[in-house]
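Structural overview
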Amino acid sequence: MKPFARCDIRNKTDELWSATSSAVLARLANMSADPNMPRSQRLFQDAGAMAHAIASATDDVIFVKDLQGRYQYANPATLCVLGREHVLGLRDLDIHADTRIAQRWAANDRLVLSTGQPVETEEMVPLRDGTARYWLTRKSPLRHDSGAIIGILGIARAIAARLHAEARARDDRLKLQIAVQAAGLVTAEIDYRTNLNH
């Protein structure tokens, strides 16, 4: 199931999507590519337009924050999950109703900025509709051409299906362990060579 299926932010942001798509199409139309090349193929000639198309098409949450933790980019999936029409210039504490979650996200940001290393976390995030989603989030330092860290790139993927499969596998292993132990108790009490109970 695509995350947009349960999220009404997409409906609220049709204008944003349409304006964004129009901007990409305008960029494509003005490119100095072969005029005989189909418009759809021109996308592959402009790395910026292609990156935007990818970020807009994915179900994964993609965002960029500056050194102060303010959102500088948020793809449509990010807006959907946060239940917002815009987040640019805002910090997690400005957005999230649960300050503990916002503080945890900000602490992960500070860790990325202070170490210059990626941080990967699994976490439950409550949504505005009262449900919760489970995410694997990877935050990495965003660097300038000079190598200086200028912000954070974050990508998060919903992992509920994986967590459910892992829980089912744990349950199956536990059931098997219990069955083996139960069978072991029975075989320890019966000597099959003599058919006597011990």
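We now turn to the structure provided with this report.

What counts and what doesn't
Residues numbered from 1 in each chain as written. Predicted model: local features only at pLDDT ≥ 70, side-chain atom pairs only at ≥ 80, totals over all residues. Heavy atoms only, no water. 1 Å grid on protein atoms, 1.4 Å probe; cavity = no way out; pocket = protein on both sides within 12 Å on 5 of 7 lines; lining within 4 Å. Points joined across faces, edges and corners; volume = space filled by probe spheres on them. Helix = DSSP H or I, 4+ residues; strand = E, 2+ residues; numbered from the N terminus. Buried < 20%, exposed > 50% of the residue type's maximum accessible area, 1.4 Å probe, protein only. Expected span 1.5 Å × (residues − 1). Arc of directions from axis to C-beta. Contact = heavy atoms within 4.5 Å. Polar contact = N/O pair within 3.5 Å; in protein donor to acceptor, adjacent residues only side chain to side chain.

This part takes up empty space enclosed by the protein. One pass over the structure, following the stated rule, counts 1 cavity of 30 Å³ or more. Quantified by volume, the largest cavity comes out at close to 180 Å³. If you go around the largest cavity, you meet 15 residues; those closest to its centre are Val61, Phe63, Trp105, Thr137 and Ala156. Secondary structure elements with two or more residues in the lining of the largest cavity: β1 (61–66), α5 (76–82), β3 (119–126) and β4 (132–143).

Attention now goes to the side chain of aspartate 109. Turning to its location among the elements, aspartate 109 is positioned in helix α7 (residues 99–115). On the accessibility criterion, aspartate 109 (5% relative accessible area) is buried.

With that settled, the discussion passes to α7. With 17 residues, α7 should cover 24 Å at 1.5 Å per step; its first-to-last C-alpha distance of 24 Å lies within 8% of that length. If you check which residues of α7 are buried, you get Ile101, Ala102, Trp105, Asn108, Asp109 and Val112. Taken down its axis, α7 places every buried residue within 125 degrees of arc, on the same side. Every exposed residue of α7 that faces more than 90 degrees away from the buried side is listed here: Arg100, Arg110 and Ser114. Packing partners of the buried residues in α7 comprise β1, α5, α6 (92–95), β3, β4 and β5 (149–158). N-capping of α7 is provided by aspartate 98, with a side-chain oxygen placed 3.0 Å from the backbone N of arginine 100. Within two residues after α7, glycine 116 carries a phi angle of roughly 70 degrees, on the positive side.

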